[in-house]
Amino acid sequence: MNGERNPGAGRRKFLQESAALGGAAALAGIMPSIALAQGAGKIKIGLMLPYTGTYAQLGVAITNGFKLAVQEAGGKLGGREVEYATVDDESEPAKAADNANKIVNRDKVDVLVGTVHSGVQMGMVKIARETGILHIIPNAGLGAATTQLCAPNIFRTSFANAQTTYPMGQVMAKKGHKTAVSITWRYAAGEEMVAGFKDSFTKGGGKVVKELWLPFPNVEFQALLTEIASLKPDAVFAFFAGGGAAKFLKDYQAAGLKGKIPLYGSGFLTDGILEAVGNAADGVETTLHYGDGIDTARDKAFRLAYAKTYKLNPDVYAVQGYDAGLLLAAGLKAVKGDIGKKKEIIAAMEKAQIDSPRGKWTMSKGHNPVQDFYLRKVVGQENKVVSVAMKALDYPPAALCKMSR
Ligand code: BEZ
C-alpha cells in the first residue's frame, strides 16, 4: 500500500513533533532523532468515510470534492504527488477507533481525513489525539472536536452541529412561530442540532413543546408523524441527512403534513437529495453554510468543474471535501511538502483564509470554520439562497477550546 512514497519519514517526524506537542507519550523515544530527507515521494492521504448505508452518498461527495481540489492543484500537494488509502467506516461508531487505528498505523497515512457521522468522529478524534496525526474533519459536526477535545492537529472544514441550527431557531422565532416539535435521530449530531435550534428559538420567545427521537439510522417515521399531527405545533424542526432525509420528506408529505405544518431544519434535510424526493420538499426552509444561487464567480467555477468531472451537481458535502483539499494544500505549500514540519503546517492552516465556493471563511481558535449561514428555500430542484441568516458565526464559541501546545 505504500507505493513509491518516501517510506514514512515525514510522517514519523510529524508524529514525533505531535507527541512532544500533544503529550502522546507512547510515541516518545521510539522516533529517529534526526529527520530523514523531506519532500520526496508521495503524500499518503487516508480517507475514512461512509461508502455504504444512509450516509454513503455523503462520503462519495466528500471524496469527489477532495480529489477535485487535488486535481486542480495539478495532482500534487506541496509539490508532492498524492496517493490514497480508503476505509468504509459504515457510519458505525463501534468500529471507529479500530478503523482509524488501522489506517494510521497499518496503512501509515500522512494525513487522516474523515468523517461524516459524529459518533464515528468521536473514535477518530481519540486516535488523532493519541497519535498526533494531522486530521481534517470534512463533515461530522461533533461539537467537542473543536471545543473541549480540540487539539493542534485536529481541523474541521465543515461546521459544528449546533452552528448550523442556531440561525434556524432565530429565523423561526422571527416568523412568529410560538410552538415547535423537533424530530431527529438520537445520537450526538441529532442532540446538538436540536440544542442549537432550541437555544435561539427559546431566546426569541418560542417553546419546544415536544422532542421526538428515533435511533440512528431508523426511518420508521409513521408513529411520530401521527403524534405531530395530534400535537398541532406552529412548526416542525427536523435533522435528518442522506437517505434518511429523503425518506422523511416523502413520509411527511404522505402523512398529509406538508402544507399544513411548516417544516424547517438544518440544510442537511434537503441537501443532495432533491432529485430523489419529487415535490415533497417544496417550500421547506433550512439554514446552512452553502446553497444554490450563491452566484459568485468562485462558486460558478467550482460547480462547472465538479459537473464536468463527475457528471453530477455538487452539494454541501462536496464543498466541504473540496475545502479540506484546499486547507491541506495551504498547509503543505508553506513547507514545500515537508510533512515533518508540523508546527509550520499547523500555523499555515490556522491562518489560511479559504476561498471556498460557499464564500471566504477562516479558522476559529478551536479550528472550526467561522462562516456565514444562509437561509435557503426549496424551489423545484434547488436549495435557493434567500438571505444571509447570520454572518461569521462562531458557535459553540471557540473560547470553550483550551488548546495545549
Ligand atoms: C453528523 O453526524 O455530524 C452529521 C451527519 C450528517 C450530516 C450532518 C452532520
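Just above sits the structure.
Because the structure is a prediction, the values reported are computed rather than measured.

### Quick word on the site of the ligand
The environment of the ligand is made up of 16 residues, and the closest members are V116, S118, G141, Y187 and A189. V116 has a polar backbone atom sitting 3.3 Å from an oxygen atom of the ligand. S118 places a polar side-chain atom, nitrogen or oxygen, 2.6 Å from an oxygen atom of the ligand. Considered on its own, the ligand offers 260 Å² of accessible surface; in the complex 100% of this is hidden by protein. In a pocket analysis with a 2 Å cut-off to the grid points, the ligand is assigned to the largest cavity. For the shell around the ligand, the residue count by class is 11 nonpolar, five polar and no charged. Both domains that furnish three or more residues to the shell around the ligand are identified here as domain 1 (9-160 + 296-370) and domain 2 (162-288).

### Looking at unusual backbone geometry
Here the amide bond leading from F216 into P217 is cis, since omega sits at 0 degrees, within 30 degrees of zero. Looking at the secondary structure, you find P217 in the loop between β8 (207-214) and α7 (222-231). Of note, the bond from Y395 into P396 is cis; its omega dihedral lies within 30 degrees of zero at -10 degrees. The phi angle at D295 is positive, at roughly 65 degrees, despite the residue not being glycine. As for its placement among the helices and strands, D295 is situated in the loop between β11 (285-288) and α9 (297-310). What makes D295 exposed here is its relative accessible area of 55%.

The rules we used
Residues numbered from 1 in each chain as written. Predicted model: local features only at pLDDT ≥ 70, side-chain atom pairs only at ≥ 80, totals over all residues. Heavy atoms only, no water. Near = heavy atom within 4 Å. Polar contact = N/O pair within 3.5 Å; in protein donor to acceptor, adjacent residues only side chain to side chain. Areas by Shrake-Rupley, 256 points an atom, 1.4 Å probe, with all protein chains shown as cover. 1 Å grid on protein atoms, 1.4 Å probe; cavity = no way out; pocket = protein on both sides within 12 Å on 5 of 7 lines; lining within 4 Å. Sits in = over half its atoms within 2 Å of the grid points. Nonpolar A, V, L, I, M, F, W, Y, C, P; charged D, E, K, R; others polar. Domains from an automatic or database assignment. Helix = DSSP H or I, 4+ residues; strand = E, 2+ residues; numbered from the N terminus. Buried < 20%, exposed > 50% of the residue type's maximum accessible area, 1.4 Å probe, protein only.

These figures capture arrangement, not role.
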